[in-house]
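One-letter residues, chain by chain:
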Amino acid sequence: MNQYLVVGIVLVVIVALLATNKKLVETLKNIYKIEELRKRVLYTIGLLLVFRFGSFVVIPGINPNALGEGSQFASQLEGNGLLGLLDVFSGGAFGNASILALGVMPYITASIIIQLMGMMIPYFQKMQKEGESGRRKMNQWTRFLTIGVLILQGPAYIANLYHQAPNAFVYGNTFGFVAYATTILIAGTMFIMWLGEKITDKGIGNGISLIIMIGIVARLPHALLAEVNARFQTATGSAIMLILELVLLFLVFMATIALVQAVRKVPVQYAKRIVGNKQYGGVRQYIPLKMNAANVMPIIFAQALMFIPALFTNAAPGFAAAFSSMTGFWYNFTLAVLVIAFTYFYTAIIINPQMMADDMKRNGGFIPGVKPGKQTVNYIDTIMTRITLPGSIFLAIVAILPALAMKFLGIQQAFAYFYGGTSLLIMVGVVLDTLKQIESYLLMRHYDGLMKTGRIQGRH
């Protein structure tokens, strides 16, 4: 009972801290007073509950009892970093063989492919420049490609499930079962996409991101309880180590928030223009250049490439084993290098100094002390190169933090995912974006924001 007591104490302390925060209580009252915001928040919560309920609805024809703790499939999720990560992103639906087992990862994969095609193929480049109509066309292409990815991933998921737990298949692994199970998985992912779009339109925004975050956070209580059980099964000092882990987790969250929020403000001066009796320009503004402009994409790209060595398990088992061990040196070293490289690559794609310089010149703006044109382009490019270096290194550290936590602190894999990597960046990024959405409603109604300063600002 000691471990449950510790978890209970931790939860009571968190609730007590939140309850005694007068600023938070007052903000919640203000949220309730604004009818539109109240409806949006309740609508979002309702759809997220529907998503969580669907995570426990098992595919018809699968015996869920054969997939519980102690089964070979559950052991595979614990021992395989890729499958364990997919289970975290889906909120446990992947391990439950749920109708929502594949989650939104096929949609994310399709989005990345479409985004890359928009950089290389003229047809998609033209659509990107067409404004709202082009965005709708791109979304339609993304949906079609998502179905194509699901047609490949659905049978692969069923095949892996049958390989690990054949006794879970009530009617056997026939072609008919695979066909209808794949259809159900496709419908499940498309349903999640529909929920995300509804949350974006009628909720508080960032629908797909919120669904991913809720799936990740839903695994936190189970992971924390598993970590507490593991600590109390060891020798003395378990409570102290658990407290140390929670303190380190808090510090990691704070450092990640600083990374996500960090910006370099480049001053821009606009020339004065007199139009009729009104004066335009003549004020100084700023271009906010983020230290981590690429956000979570470099880690996603890097982890996608780290799955390739697993394909050579039969041909080169030693090579595959060295690059498949989540706590191995070569796995983490290669992952860190790939994250740094992809950070520069993705930042170069989304930040275009030439376009920024042209826009400034077109609107009569210039950076003080820097000539318009080529020198402005070089100036912005130099700043981005300098601030991207520490950002990419920190992002690489965040990517390998789960492995470091498992290797040196002995933390369980499920709980170690919250110490870094994609999970941590998604949680921090989505929470900050959601807070900004809510804060904009509060400030429009002349209420105080969520922070003491009245505004969530980037660090600089």
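Above: the structure in question.
Anyway, here's the lowdown on the structure attached to this text. Only a predicted model underlies this, so the values are computations on that prediction, with no experimental measurement involved.

Definitions and cut-offs
Residues numbered from 1 in each chain as written. Predicted model: local features only at pLDDT ≥ 70, side-chain atom pairs only at ≥ 80, totals over all residues. Heavy atoms only, no water. Core = buried A, V, L, I, M, F, W, Y, C linked by side-chain atoms within 4.5 Å. Buried < 20%, exposed > 50% of the residue type's maximum accessible area, 1.4 Å probe, protein only. Helix = DSSP H or I, 4+ residues; strand = E, 2+ residues; numbered from the N terminus. Axes fitted to C-alpha atoms, helices over the stretch in contact; angles between N-to-C directions. Parallel < 35°, antiparallel > 145°, perpendicular 65-115°, else oblique. Left-handed = near helix turned anticlockwise from the far one by under 90°. Contact = heavy atoms within 4.5 Å. Nonpolar A, V, L, I, M, F, W, Y, C, P; charged D, E, K, R; others polar.

Before going further, it helps to examine the nonpolar core. One finds Ile216, Leu335, Val339 and Phe415 to be the most contacted residues of the largest nonpolar core, which totals 66 residues. Of the residues forming this core, the biggest block, eight residues, is contributed by helix H17 (residues 374-409). By size, the runner-up hydrophobic cluster in this structure holds 20 residues, among which are Ala101, Leu150, Tyr157 and Ile186.

Further remarks concern the environment of Gln164. Take Gln164: it is sitting in helix H8 (residues 132-164). The class for Gln164 is buried, based on a relative accessible area of 12%. Residues Gln164 and Ala74, spaced 90 residues apart in sequence, show a C-alpha to C-alpha distance of 9.0 Å.

Turning next to the packing of helix H3 (residues 35-54) against helix H19 (residues 421-444). Direction vectors running N to C along H3 and H19 enclose 160 degrees, while the axes themselves pass 10 Å from each other. Looking at the two axes, H3 sits roughly antiparallel to H19. With respect to the hand of their crossing, H3 and H19 are arranged in left-handed fashion. Residues Glu36, Leu37 and Arg40 of H3 lie in contact with H19, whose contacting residues are Ile438, Tyr441 and Leu442. Within the contact of H3 with H19, the residues separate by chemical class into four nonpolar, no polar and two charged.

Interpretation note: all reported values are geometric properties and have no functional meaning in isolation.
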